[in-house]
Amino acid sequence: MDTSNLMEQILSDFVRYADDCIIMVGSEMSANRVMRNISRFIEEKLGLKVNMTKSKVDKPQGLKYLGFGFYFDRRAQQFKAKPHAKSVAKFKRRMKELTCRSWGVSNSYKVEKLNQLIRGWINYFKIGSMKILCAKLDSNIRYRLRMCIWKHWKTPQNREKNLIKLGIDRNTARRVAYTGHRIAYVCNKGAVNVAINNKRLASFGLVSMLDYYTERCVTC
């Protein structure tokens, strides 16, 4: 049975509704042939319209499918899925909204909404490879949450008091609390990172993307 007849049988027997799909073949010539045959079958036999602006012949690296992109793993010698760059950008935009310093809600509420975002995103993309990505996003989330906490402490006096309470020596706490540097600079390194460290953020309830992905993933 040739390729076109085989695909016609598969579509006739098993497909009742199709929105997005990928058909993988071994060569560009085969891909172009299958594209023509399947498009003709869908339009002539099924009476449906193929959206040619979204349908294309491409290598796996050029595809975006249901939020996923694809890359070639040289060690495993096979293509694997990962979150597409557009999906990552969308996550970052939402994460920035939830960690906006001017958003007038409590930091505990921000953590609650962040956890919902993290769990939902990981549960959807758990079949993809993204350990390095999760580690980078974790770092960015914690940095932005530190800025929210620092701003919430408001006054130099309150910042000094809280830094001391979290284990920073008095002289360092005073110097950092009364610094004239912007929040982004202060929270990017030094005493604030030590005081509001990863362990404390975890005890505050923040979910680690990397830990949650490692627990849920089906590829690592």
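Residues numbered from 1 in each chain as written. Predicted model: local features only at pLDDT ≥ 70, side-chain atom pairs only at ≥ 80, totals over all residues. Heavy atoms only, no water.

Trainee: Looking at this model, I keep getting lost on the overall build of the protein chain. Mind explaining?
Mentor: In terms of regular secondary structure, the protein chain is built from 11 helices and 2 strands. Start at the N end of the protein chain and walk to the C end: the helices and strands fall as α-α-β-β-α-α-α-α-α-α-α-α-α. For 220 residues, the compact-globule estimate of 2.2 N^0.38 gives 17 Å, and the C-alpha radius of gyration of the protein chain, at 25 Å, exceeds that figure by more than 25%. With the C-alpha coordinates of the protein chain rotated into their principal frame, the extents come out at 80 × 40 × 30 Å. Of the contacts formed within the protein chain by residues at least 6 apart in sequence, a portion of 59% connects residues at least 24 apart. Total accessible area on the protein chain is roughly 14,400 Å²; 51% of this is exposed by carbon and sulfur atoms. (Helix = DSSP H or I, 4+ residues; strand = E, 2+ residues; numbered from the N terminus. Rg over C-alpha atoms; globule rule 2.2 N^0.38 Å. Contact = heavy atoms within 4.5 Å. Areas by Shrake-Rupley, 256 points an atom, 1.4 Å probe, with all protein chains shown as cover.)

Trainee: Is there a simple way to think about helix α6 (residues 156-165) in this case?
Mentor: An α-helix turns once per 3.6 residues; consequently, residues spaced three or four apart project the same way. Every buried residue of α6 is accounted for by R159, E160, N162 and L163. Check the buried side of α6 and you find it contacts α5 (131-153), α7 (170-177), α8 (183-186) and α9 (191-195). Looking one or two places after α6, you find G167, whose phi comes out positive at around 100°. (Buried < 20%, exposed > 50% of the residue type's maximum accessible area, 1.4 Å probe, protein only.)

Trainee: So what exactly am I meant to see when it comes to a positive patch on the surface here?
Mentor: A cluster of basic residues, K64, K86, K90 and R93, forms a positive patch on the protein surface. Residue classification places K90 among the exposed positions, given a relative accessible area of 57%. (Patch = residues over 30% accessible without salt bridge, like charges linked within 9 Å, V, L, I, M, F, W, Y side chains within 5 Å. Salt bridge = Lys/Arg side-chain N within 4 Å of Asp/Glu carboxyl O. Lys, Arg positive; Asp, Glu negative; His and termini not counted. Charge placed at Lys NZ, Arg CZ, Asp CG, Glu CD.)

Trainee: In this structure, what is going on with the packing of aromatic side chains? I would like to understand it.
Mentor: Where two aromatic rings form a pair, the distance of their centres and the angle of their planes describe that pair. On inspection of all chains with the given rule, the structure shows 8 aromatic pairs. Between the aromatic rings of F68 and F125, the centroid separation amounts to 4.9 Å while the plane-to-plane angle is 65°, which identifies the pairing as edge-to-face. Of the two residues, F68 sits in strand β1 (residues 68-73) while F125 sits in helix α4 (residues 107-125), which places them 57 residues apart along the sequence. F125 matches F68 in its accessibility class, with the two residues each being buried. With a centroid separation of 4.8 Å and 80° between ring planes, the pair formed by Y124 and F125 is classed as edge-to-face. (Phe/Tyr/Trp six-rings, centres within 6.5 Å; stacked < 30°, edge-to-face > 60°.)

Trainee: Would you take a moment to explain the packing of helix α3 (residues 85-98) against α4 for this structure?
Mentor: Axis angle and axis distance: for two packed helices, these are the angle between their axes and the distance between the axes, and together they describe the pair. The geometry of α3 relative to α4 is characterised by a closest axis approach of 10 Å and an angle of 165° between their N-to-C directions. Classified by the angle between their axes, α3 and α4 sit roughly antiparallel to one another. When the axes of α3 and α4 are compared, the crossing they make is right-handed. Along the contact surface, α3 presents S87, V88, F91, R94, M95 and L98, while α4 presents K110, K113, L114, L117, I118, W121 and F125. Here the residues of the contact of α3 with α4 are counted per class, giving 9 nonpolar, 1 polar and 3 charged. (Axes fitted to C-alpha atoms, helices over the stretch in contact; angles between N-to-C directions. Parallel < 35°, antiparallel > 145°, perpendicular 65-115°, else oblique. Left-handed = near helix turned anticlockwise from the far one by under 90°. Nonpolar A, V, L, I, M, F, W, Y, C, P; charged D, E, K, R; others polar.)

Trainee: Looking at this structure, how should I read the side chain of R159?
Mentor: Turning to its location among the elements, R159 is positioned in helix α6. The contacts of R159, once residues within four sequence positions are left out, are W150, K151, W153, K154, A177 and I183.

Trainee: What is the right way to look at the pattern of salt bridges in this model?
Mentor: Side chains that carry opposite charge are capable of pairing whenever their charged atoms lie near each other. Overall, the coordinates contain 5 salt bridges when judged by the stated rule. The salt bridge partner of R174 is E160, with a shortest N-O separation of 3.4 Å. One end of the pair, R174, is in helix α7; the other, E160, is in helix α6, with 14 residues separating them in the sequence. In this structure R174 comes out as partly exposed when scored by relative accessible area, which is 45%.

Trainee: For this particular structure, what's the right way to read the nonpolar core?
Mentor: Soluble globular proteins tend to bury their nonpolar side chains together. Core analysis: the biggest nonpolar cluster contains 41 residues, and F91, W121, I122, I141, W150, L163 and M209 have the highest contact counts within it. For this core, the secondary structure elements donating two or more residues are β1, α3, α4, α5, α7, α9 and α11 (209-216). At 8 residues, the largest contribution of residues to this core is made by α5. (Core = buried A, V, L, I, M, F, W, Y, C linked by side-chain atoms within 4.5 Å.)

Trainee: How should I be thinking about the environment of M147 in this particular structure?
Mentor: Of note, M147 is situated in helix α5. Judged by relative accessible area, M147 falls into the buried class, the value being 4%. As for M147 and G69, which are separated by 78 residues in sequence, their C-alpha atoms are 32 Å apart. Each residue touching M147, except ones within four places of it in the same chain, is listed here: R101, I183, A184 and C187.

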